[in-house]
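# Architecture at a glance
Here is how the chains run, residue by residue.
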Amino acid sequence: MSEPTLFNELKAGAHIAPNHPERHLLREASYKAIALCQQINQSANPVEITALLSELVGQKVDETVAIFPPFHTNYGKHLQLGKNVFINFNCTMLAWGGITIEDDVLIAPNVSLLTEGHSIQPNERQGLQSNPIHIKKGAWIGANATILQGVTIGENAVVAAGSVVSKDVPDNVIVGGIPAKIIKEIEK
């Protein structure tokens, strides 16, 4: 079954107006994702969690992926997880815009990956706009960090705890702060 047009529009970064004819589908899909997250969050069985996560994202998740519940998302079908990904407690992923997490990524507790937001224009604020997040191989996202829509985190990059990342992060650097800025390069 293919996704409704609205879902593809969000993944492509379109602004979805409040009166979009398919807008009600967003809420319906979110409640289905929330129900699956609740099942994940009630389990301490890694095999069961992987199976539920596979159902949530709509494809088989590699057995090397580990999530420590609780985990929250509004839509799993736009979430791609590589191999050997570790997601610690209480991660939130607003994924309408698409989230790609490559191999060997570490995500600490209380991290938020937010692909969507609202217009600053009051007459458009009830609408929804999104842009994808891409976390490249070997990156480490520190505790309580927030990654905003449209951001790419470079290969082997480190996002310091508590940072808010609003711009792309190059490969092999450590960023930190609000907004996050390069602190230093990582020597290989």
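Please refer to the structure placed before this passage.
Just so we're clear, the structure is a prediction, and the values are computed from it rather than from any experiment. (Residues numbered from 1 in each chain as written. Predicted model: local features only at pLDDT ≥ 70, side-chain atom pairs only at ≥ 80, totals over all residues. Heavy atoms only, no water.)

## Focus on helix 2 (residues 24–41)
Compared with the 26 Å implied by 1.5 Å per residue over 18 residues, the 26 Å span of helix 2 between its first and last C-alpha is a close match. The complete set of buried residues in helix 2 reads Leu26, Ala29, Ser30, Ala33, Leu36, Cys37 and Ile40. Burial along helix 2 is one-sided: seen end-on, the buried residues are contained in an arc of 125°. In helix 2, the exposed positions angled more than 90 degrees off the buried face are occupied by Arg27, Tyr31, Lys32 and Gln38. (Helix = DSSP H or I, 4+ residues; strand = E, 2+ residues; numbered from the N terminus. Expected span 1.5 Å × (residues − 1). Buried < 20%, exposed > 50% of the residue type's maximum accessible area, 1.4 Å probe, protein only. Arc of directions from axis to C-beta.)

## Observations regarding the sheet that holds strand 6 (residues 99–101)
Strand order across the open sheet formed by 4 strands is 3-6-11-14, with parallel pairing between neighbours. Each edge of the open sheet carries a strand with a single partner, namely strand 3 (79–81) and strand 14 (152–153). By the bridge criterion, 3 bridges tie strand 3 to strand 6 in an arrangement that is parallel. Looking at the pairing, Gln80 lines up with Thr100 of strand 6. (Pairing = 2+ DSSP bridges.)

## Topic: the nonpolar core
Core analysis: the biggest nonpolar cluster contains 40 residues, and Leu53, Phe71, Met93, Ile101, Ile107, Leu113 and Ile153 have the highest contact counts within it. Listing elements by their share of this core, those giving two or more residues are helix 2, helix 3 (46–57), strand 3, strand 5 (91–94), strand 6, strand 11 (133–135) and strand 17 (173–176). The greatest single-element share of this core, amounting to 5 residues, is contributed by helix 3. Setting aside chain neighbours within four positions, we find Ile107 in contact with Phe86, Ile87, Asn88, Cys91, Met93, Ile101, Leu113 and Ile141. Ranked by size, the runner-up nonpolar core spans 9 residues in total, among them Leu10, Ala29, Trp96 and Leu128. (Core = buried A, V, L, I, M, F, W, Y, C linked by side-chain atoms within 4.5 Å. Contact = heavy atoms within 4.5 Å.)

## Things to note about the environment of Asn8
Relative to the assigned elements, Asn8 resides in helix 1 (residues 5–11). A relative accessible area of 40% places Asn8 in the partly exposed class.

## Side note on the packing of helix 2 against helix 3
Where helix 2 contacts helix 3, the axes come no closer than 9 Å and their chain directions differ by 170°. With respect to helix 3, the element helix 2 is oriented roughly antiparallel. Across the interface between the two elements, Ala33, Leu36, Cys37, Gln39 and Ile40 from helix 2 touch Ile49, Leu52, Leu53, Glu55 and Leu56 from helix 3. Its residues placed into classes, the contact of helix 2 with helix 3 shows 8 nonpolar, 1 polar and 1 charged. (Axes fitted to C-alpha atoms, helices over the stretch in contact; angles between N-to-C directions. Parallel < 35°, antiparallel > 145°, perpendicular 65-115°, else oblique. Nonpolar A, V, L, I, M, F, W, Y, C, P; charged D, E, K, R; others polar.)

## So, the pairing of strand 18 (residues 181–185)
Summarising burial for strand 18: 0 of the 5 residues are buried, a small minority. Across 4 bridges, the pairing between strand 17 and strand 18 is antiparallel. Looking across to strand 18, one finds that Val173 is bridged to Glu185. Turn length for the strand 17-strand 18 hairpin, with the two strands adjacent in sequence and antiparallel, is 4 residues, and the turn residue Gly177 shows positive phi of about 105°.

## A short note on the sheet that holds strand 8 (residues 112–114)
Across the sheet, 5 strands lie side by side as 2-5-8-13-16; this open sheet has parallel pairing. Edge positions in the open sheet fall to strand 2 (71–73) and strand 16 (164–165), since each of these has one partner strand only. Judged from the 2 bridges that link them, strand 13 (residues 146–148) and strand 16 form a sheet pairing that is parallel. Bridge assignment links Thr146 to a residue of strand 16, and that residue is Val164.

## Considerations on the packing of aromatic side chains
Under the definition given, this model contains 5 aromatic pairs. The interplanar angle of 80° and the centroid separation of 5.0 Å between the aromatic rings of Phe7 and Tyr75 together place this pair among those described as edge-to-face. Separated by 68 residues along the polypeptide, Phe7 in helix 1 and Tyr75 in the loop between strand 2 and strand 3 bring together distant segments of the chain. Given a relative accessible area of 5%, Phe7 falls into the buried group. With a centroid separation of 4.3 Å and 15° between ring planes, the pair formed by Tyr75 and Trp96 is classed as stacked. Here Trp96 lies in the loop between strand 5 and strand 6 and Tyr75 lies in the loop between strand 2 and strand 3, a separation of 21 residues in the sequence. Pair check on accessibility: Tyr75 and Trp96 agree, each one buried. An aromatic cluster is built from Phe7, Tyr75 and Trp96, whose rings are joined through pairwise contacts. (Phe/Tyr/Trp six-rings, centres within 6.5 Å; stacked < 30°, edge-to-face > 60°.)

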